[in-house]
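Chains, contacts and geometry: an overview
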Amino acid sequence: MAIVAMDIKNADFTSIFNIASLQNKLLVDLHWFTLAVCLMIGLVVTGLMIAIIAKFRTAENDDGSEPRQTRGNIRLEIIWTAIPLFIVIVLGIMTAYVMIIVNPAVGTKRKPDVIVVGHQWWWEYQYPNYGVTTANELYLPVGKNALFEVRSADVVHSFWVVAFGQKMDAIPGHPTNMWIHPTKKGLFLGTCSEYCGAQHGLMRIIANVVSPEDFDTWIKAQNAMPESSNDPAVAKGKQLFNSETCVQCHQIAGDPAAKAHIGPDLTHIAQRKTLGAGVLENNTANLAKWMQNPQQFKPGVNMPNMRLTDENAHDIAVYLESLK
Ligand code: CUA
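Calculation criteria
- Residues numbered from 1 in each chain as written.
- Predicted model: local features only at pLDDT ≥ 70, side-chain atom pairs only at ≥ 80, totals over all residues.
- Heavy atoms only, no water.
- Helix = DSSP H or I, 4+ residues; strand = E, 2+ residues; numbered from the N terminus.
- Buried < 20%, exposed > 50% of the residue type's maximum accessible area, 1.4 Å probe, protein only.
- Pairing = 2+ DSSP bridges.
- Expected span 1.5 Å × (residues − 1).
- Arc of directions from axis to C-beta.
- Contact = heavy atoms within 4.5 Å.
- Polar contact = N/O pair within 3.5 Å; in protein donor to acceptor, adjacent residues only side chain to side chain.
- Core = buried A, V, L, I, M, F, W, Y, C linked by side-chain atoms within 4.5 Å.
- Axes fitted to C-alpha atoms, helices over the stretch in contact; angles between N-to-C directions.
- Parallel < 35°, antiparallel > 145°, perpendicular 65-115°, else oblique.
- Nonpolar A, V, L, I, M, F, W, Y, C, P; charged D, E, K, R; others polar.

Turning our attention to unusual backbone geometry. Excluding glycine, a negative phi dihedral is what most residues carry, and trans is how most peptide bonds are arranged. Look at the link from Gln-120 to Trp-121: it is a cis peptide, with omega at -5 degrees. Within the element layout of this structure, Trp-121 appears in the loop between β1 (114-119) and β2 (122-127). In this structure, Asn-136 is a non-glycine residue whose phi angle is positive, near 65 degrees.

Dropping the structure here:
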């Protein structure tokens, strides 16, 4: 069965408290503030309850008669209405403040830095300012507030890199916006967090936060044509790729036959760490196995069993893994 190929050990995956964005810092601070207020309320209410139970418990010499009866107390009622109202207003203002800072309104003139498109079951990343399209592995420069536009190609997904804090739904026909200002370099993992079908759990996100210089280098590499090779196996693989059904779904820049936008863009597939959005480690042997029967690794995925021979699958994999 499929193994998840992600390098969990060296990645920040499991906790929103490993803060890696300015937005998440604010969200976590708001969480601590709200938790402190709620704890205080809990302590006061529990403490008062215990004190009252202790003080007014049945006395040894109780004669069993009715206690003194009172009816209403305006001053008490004003106090116990005003205090919770004040707390709710403070928490409401704090929450609204954080919401406005974390997701300020986006003017119509600001182009998104990254367009995320959720697909069953993988992620497409477009960088409209650079004309770059890639899949499953996101790159962001550290220290810059990036505007995301989140879209869906099919059903509702939700984009969530845990250490960045926010989740944003990917809704078909209704692009949403989200800001992420990464504060730490590193590899941060995430996953789709809205149930979107059988492989919802294997719709992993790999976010690489790098220095602005490394980001520029990455963008240049993405914009360059994939390095070609004179290896005859590569030429044979390319010829097979273009004559089998691969080109009906996939795009490879510089290959006039491969222009489809249904599956992931394969222009620089050899640079990616995983295949199938985190299912398999990316290498020639795994890619060949994946092409022969993707359903074995990701049941229900849109890519059909291609029924390639071992040799043809190997040759196509050699070609694709030459696309650095
Ligand atoms: Cu995509 Cu869940």
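The buried count for β2 comes to 5 of 6 residues, which makes it a mostly enclosed element. As defined by bridge partners, β1 adjoins β2 across 5 bridges and the pair is classed as antiparallel. Looking at β2, one finds that Val-117 is bridged to Glu-124. In textbook terms, the turn of a hairpin is the stretch between consecutive antiparallel strands, and for β1 and β2 this stretch comprises 2 residues. With 4 bridges joining them, β2 and strand β3 (residues 132-135) adopt antiparallel strand pairing. Bridge pairing in β3 places Tyr-125 opposite Thr-134.

Right, let's talk about helix α3 (residues 212-223) for a bit. The terminal C-alpha atoms of α3, which comprises 12 residues, lie 16 Å apart, in line with the 16 Å expected from a rise of 1.5 Å per residue. Regarding α3, the residues found buried are Phe-215, Trp-218, Ile-219 and Gln-222. Take α3 and look down its axis: the buried residues cluster within an arc of 100 degrees, on one side only. When the buried face of α3 is taken as reference, the exposed residues oriented beyond 90 degrees from it are Glu-213, Thr-217 and Lys-220. Against β2, β3, β4 (137-141) and β10 (204-210) lie the buried residues of α3.

Moving on, we get to the side chain of Ser-158. By the element assignment, Ser-158 lies in strand β6 (residues 157-160). Taking the relative accessible area as the measure of exposure, Ser-158 reaches 2% and is therefore buried. Within polar-contact distance, the side chain of Ser-158 engages the side chain of Asp-169 at 3.1 Å. Beyond its immediate chain neighbours, meaning those up to four positions away, Ser-158 contacts Trp-123, Lys-167, Met-168, Asp-169, Ala-170, Thr-191, Cys-192, Ser-193 and Glu-194.

Core analysis: the largest hydrophobic core is formed by 35 residues, its most contacted members being Tyr-125, Tyr-127, Leu-138, Phe-148, Phe-159 and Phe-164. For this core, the secondary-structure elements that each account for two or more residues are β1, β2, β4, β5 (146-152), β7 (167-170), β8 (176-180), β10 and α3. Considering each element in turn, this core owes the most residues, 4 residues, to β10. Apart from residues lying up to four places away in sequence, Phe-148 is in contact with Val-114, Val-116, Leu-138, Leu-140, Phe-159, Thr-176, Asn-177, Met-178 and Ile-180.

So, about the sheet that holds β4. On the basis of which strands lie adjacent, the open sheet formed by 3 strands has the order β4-β10-β9 and mixed pairing. Because the sheet does not close on itself, it has two edges, and the strands there are β4 and β9 (186-191). The average undirected angle you get between the axes of adjacent strands in this sheet is 25 degrees. When β4 meets β10, the two strands line up parallel, connected through 5 bridges. Across the sheet, the residue bridging to Glu-137 is Ile-206, located in β10.

Time to look at the packing of helix α1 (residues 22-55) against helix α2 (residues 74-102). One can describe the packing of α1 onto α2 by two numbers: an axis separation of 10 Å at closest approach and a directional angle of 170 degrees. In terms of their interaxial angle, α1 and α2 are classed as roughly antiparallel. Within the contact between the two elements, α1 uses Gln-23, Leu-26, Leu-27, Leu-30, Phe-33, Thr-34, Val-37 and Ile-41 and α2 uses Ile-87, Val-90, Leu-91, Met-94, Thr-95, Val-98, Ile-101 and Val-102. Split by residue class, the contact of α1 with α2 holds 13 nonpolar, 3 polar and no charged.

This brings us to the sheet that holds β2. Sheets are built from strands paired through backbone hydrogen bonds, the pairs being either parallel or antiparallel. Within the open sheet, the 5 strands sit side by side as β3-β2-β1-β5-β8. Their pairing is mixed. A single partner strand is all that each edge strand has here, and the edge strands are β3 and β8. Here the average twist between neighbouring strands, direction ignored, is 25 degrees. Running over the sheet, α3 touches β2 and β3 and is turned about 95 degrees from β3.

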